[in-house]
Amino acid sequence: MQAVKGLSMEKWLCWGSMGVAGLLALLFLLDMFTDFPFGGIPKAVSIVSLLASALVLYLGWDAYRELR
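Since the model is a prediction, treat every value here as computed from it, not as a measurement. (Residues numbered from 1 in each chain as written. Predicted model: local features only at pLDDT ≥ 70, side-chain atom pairs only at ≥ 80, totals over all residues. Heavy atoms only, no water.)

### Structural notes on the pattern of salt bridges
Per the counting criterion, the structure on display carries one salt bridge. A salt bridge links Asp62 to Arg65, with the shortest nitrogen-to-oxygen separation between them at 2.9 Å. One end of the pair, Asp62, and the other, Arg65, are both in helix 2 (residues 43-67), three residues apart, so they sit about a helical turn from each other. With a relative accessible area of 41%, Arg65 lands in the partly exposed category. (Salt bridge = Lys/Arg side-chain N within 4 Å of Asp/Glu carboxyl O. Helix = DSSP H or I, 4+ residues; strand = E, 2+ residues; numbered from the N terminus. Buried < 20%, exposed > 50% of the residue type's maximum accessible area, 1.4 Å probe, protein only.)

### What about the side chain of Asp31?
Position of Asp31 among the secondary structure elements: in helix 1 (residues 2-34). One buried charged residue, Asp31, forms no salt bridge at all, with the nearest opposite charge on Lys43 at 6.5 Å. Each residue touching Asp31, except ones within four places of it in the same chain, is listed here: Phe36, Pro37, Phe38, Gly39, Gly40, Ile41, Lys43 and Ser46. (Lys, Arg positive; Asp, Glu negative; His and termini not counted. Contact = heavy atoms within 4.5 Å.)

### Re helix 2
With 25 residues, helix 2 extends 36 Å from end C-alpha to end C-alpha; this agrees with the ideal 36 Å at 1.5 Å per step. When helix 2 is considered as a whole, its buried residues turn out to be Ser46, Ser49, Ser53, Gly60 and Tyr64. (Expected span 1.5 Å × (residues − 1).)

### What about unusual backbone geometry?
For Asp35, which is not glycine, the phi torsion reads 60° and is therefore positive. Tracing the backbone through its elements, the reader meets Asp35 in the loop between helix 1 and helix 2.

### What about the environment of Val48?
One can find Val48 in helix 2. Taking the C-alpha atoms as reference points, Val48 and Phe28, separated by 20 residues in sequence, lie 9.6 Å from one another.

### Let's talk about the side chain of Ser46
Note on placement: Ser46 falls in helix 2. Side-chain polar atoms of Ser46 contact the side chain of Asp31, separated by 3.5 Å. Excluding residues within four positions of it along the chain, Ser46 makes contact with Phe28, Asp31, Met32 and Ile41. (Polar contact = N/O pair within 3.5 Å; in protein donor to acceptor, adjacent residues only side chain to side chain.)

Such coordinate-based values are descriptive only and should not be taken to indicate function.
Shown next as structure tokens:
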């Protein structure tokens, strides 16, 4: 029964990391085009942050797929 609890927690951690990464990706995309959430940070910072959040999103998806 202990393994079921751990497996469930791992799935929720994957979903949580994908949710946060997706939210940050949307915020950085919004900042690139409207300068709204972060006050117009340089485009290079937005692009690198967008790539980093996309990478975390992919890694969370891959880890979730491995748990199934």
